[in-house]
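# Remarks on the overall topology
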Amino acid sequence: MLDAFYVVVNSFRMKESEPMLSELGALLVMLLLILLAAELFTNALEHLGEKLKISEGVTGSLFAAIGTALPETLVPLLAIFGGMKGGNARVAEEIGVGAILGAPLMLSTLSVCLMALFALKKRGVSGRLAPEKSGFVRDLNTFIAAFGLAAVAMFVPHEQPAVRATLSAGLVLLYFVYILATLRASAALVHGGHGTEAGDVMFLARLGLPGNGATIVAQLAGALALLVYGAYGFIAHVETTSKLIGVSALWLSLMIVPIATELPEKVNSILWIRKRKDTLAFGNITGAMVFQGTLLPAIGIALTPWVPQKEVFAGVALTLAGAAWLRWHAGRIKVWHLFVNGALYLGYLAITLG
């Protein structure tokens, strides 16, 4: 950690300071773009959920989670398949595995802690956070089971491809079962008062366009395109900055890339938690965790070495600890509980940088 700090300091004293400042400026621009896109996305998604008369659980855990998970889904896929087509296979695999496992780590620790920070002022340290319990529990139960299975797969030798293939297929099947269960619960939740409600006028409608389904889809598509573009731009400049500093591909993919790719989820959930839409805020996080804890590890198990290196296994263990802590407090979550998840993230930093 100190070595990296000294490299950064020295870079500003030498000719490298100009490209470093340029990269930092580009990072800020991409961050602002992501913030704007997230505001447009959440606004349109609320109107879509209201129009379709679906529950906040479906809107947050499925629609928002899958939509905003696109950047971190594409990063490992592009890395793995890019390496297979003639690139540096080892580096590609490291980036792929790191991105697959780093995203759930970030969501289950740092992301929920950031929500607590933004809820702290209005609700206090002992304030209550109240996502709809059944969907919250379903998300976390599915994730813990899936990610636990992915962890077990790390210890299955490559000489047993049938076992690894079975575990990979089981993770895919688990996600489809989860989708069916979430959709099946929607009608009862809407009837019980957990239907999605739009709090603000749709942005495109403010420009004079009709507030119909086509306008909602247009705003969603535009916002999603901005999210993906902003996240990828952020990743590109983070990678360039990291090369100037000097870090490994695995550390980069575990620690830095997820910060960029998870920005949509973080920002969306912060916007919703500030509006006291706790089910949408948590569903966006936990739904993305399920998506990334099933389909992406299935790809990793099938196409990468998937072995328990120190940084990788520590990340898996702390991710499961963060998810288990949230599950333990389901139905009685307080703001301070989420700071424990933030402490787990700091613990991971201490392990990997120590």
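Not measured: the values here are computed from a predicted model.

What follows deals with the overall build of the protein. Summing up its helical and strand segments, the protein has 14 helices and two strands in all. Put simply, the protein has 354 residues, and 52% of those count as buried. For the protein, the exposed surface amounts to about 15300 Å²; the carbon and sulfur share of it is 70%.

Over its 26 residues, helix α12 (residues 278-303) runs 37 Å from end to end, which matches the ideal 38 Å to within 8%, given 1.5 Å per residue. If you look at α12, its biggest bend is around 25 degrees, right at proline 297.

Looking now at the nonpolar core. Side chains of nonpolar character tend, in soluble globular proteins, to be buried together. Formed by 63 residues in total, the largest nonpolar core has its most connected members in Leu101, Leu129, Phe282, Trp306 and Leu338. Among the elements that line this core, the one with the most residues is α12, at eleven residues.

Along the chain, the position of isoleucine 270 falls in helix α11 (residues 263-274). It is 6.9 Å that separates the C-alpha atoms of isoleucine 270 and alanine 281, two residues lying eleven residues apart in sequence. Among residues more than four places away in sequence, those in contact with isoleucine 270 are Leu114 and Phe118.

Looking now at the environment of methionine 202. Within the secondary structure, methionine 202 is located in the loop between α7 (161-194) and α8 (203-206). With 162 residues separating them along the chain, methionine 202 and leucine 40 place their C-alpha atoms 8.4 Å apart. Setting aside residues up to four positions removed in sequence, methionine 202 forms contacts with Asn43, His47, Gly211, Thr215, Ile216 and Gln219.

With that settled, consider the packing of aromatic side chains. Each aromatic ring pair is specified by the distance between its two centres and by the angle formed by the two planes. This structure, assessed with the given rule, holds seven aromatic pairs. Arranged with centres 5.0 Å apart and planes meeting at 20 degrees, the rings of phenylalanine 143 and phenylalanine 147 form a pair that is stacked. Residue phenylalanine 143 and its partner phenylalanine 147 are located together in helix α6 (residues 133-153), separated by four residues, close to a single helical turn. Ring centres 5.7 Å apart and planes at 35 degrees place the aromatic pair tyrosine 175 and tyrosine 178 in the tilted group. Of this pair, tyrosine 175 and tyrosine 178 are both found in helix α7, three residues apart, which corresponds to roughly one turn of the helix. Across the pair, exposure class does not vary: tyrosine 175 and tyrosine 178 are buried alike.

Calculation notes
- Residues numbered from 1 in each chain as written.
- Predicted model: local features only at pLDDT ≥ 70, side-chain atom pairs only at ≥ 80, totals over all residues.
- Heavy atoms only, no water.
- Helix = DSSP H or I, 4+ residues; strand = E, 2+ residues; numbered from the N terminus.
- Buried < 20%, exposed > 50% of the residue type's maximum accessible area, 1.4 Å probe, protein only.
- Areas by Shrake-Rupley, 256 points an atom, 1.4 Å probe, with all protein chains shown as cover.
- Expected span 1.5 Å × (residues − 1).
- Bend = angle between axes of the 7 residues up to and from the residue.
- Core = buried A, V, L, I, M, F, W, Y, C linked by side-chain atoms within 4.5 Å.
- Contact = heavy atoms within 4.5 Å.
- Phe/Tyr/Trp six-rings, centres within 6.5 Å; stacked < 30°, edge-to-face > 60°.

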